Amino acid sequence: MPPHPAQPIHTVWITDLKSERLRPGSILLSWEPSLGNGMDVTAHLGLASTKVLLANWPDLQGDWTPVVHPTLHEVIGLHAALSVATDALHLANHLAAN
């Protein structure tokens, strides 16, 4: 079940991105200093066979939470719903075959 919007999102710190495959449903946040005074933040979403660019927030200033958290929360919820729908479809196909 995805977290409530007011709850923090569980995170894991990864230092070596090359050796770590992104699990399906996981979101990878990366950031680097922007040309301004902020940070360029990027989010990738792990899918079954690849990872895709989820969002890019250029030159975020100060606290990123009000900008980044709603997007991450919505994507976590969407991925959970799609996972349930996929499992239901697989079960329906299995039951129909038997």
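Conventions and cut-offs
Residues numbered from 1 in each chain as written. Predicted model: local features only at pLDDT ≥ 70, side-chain atom pairs only at ≥ 80, totals over all residues. Heavy atoms only, no water. Helix = DSSP H or I, 4+ residues; strand = E, 2+ residues; numbered from the N terminus. Buried < 20%, exposed > 50% of the residue type's maximum accessible area, 1.4 Å probe, protein only. Contact = heavy atoms within 4.5 Å. Core = buried A, V, L, I, M, F, W, Y, C linked by side-chain atoms within 4.5 Å.

A few points about the overall build of the chain
Argument step 1. Counting its regular elements, the chain contains 1 helix and 3 strands.
Argument step 2. What you see in the chain, going N to C, is helices and strands ordered as β-β-β-α.
Argument step 3. For the chain, the residues scored as buried account for 23% of the 98 residues in total.
Argument step 4. In the chain, the proportion of contacts linking residues at least 24 apart, taken out of those at least 6 apart, comes to 32%.

Observations concerning the nonpolar core
Argument step 1. Formed by Val41, Ala43, Ala55, Trp57, Leu60, Trp64, Val68 and Leu72, the largest nonpolar core amounts to 8 residues.
Argument step 2. Every element with two or more residues in this core is listed here: strand 2 (39-46), strand 3 (51-60) and helix 1 (65-97).
Argument step 3. If sequence neighbours within four positions are ignored, tryptophan 64 has contacts with Trp31, Met39, Val41 and His69.

Digging into unusual backbone geometry
Argument step 1. Here the phi dihedral of aspartate 59 falls at roughly 50°; this positive angle occurs in a residue that is not glycine.
Argument step 2. Residue placement: aspartate 59 occurs in strand 3.

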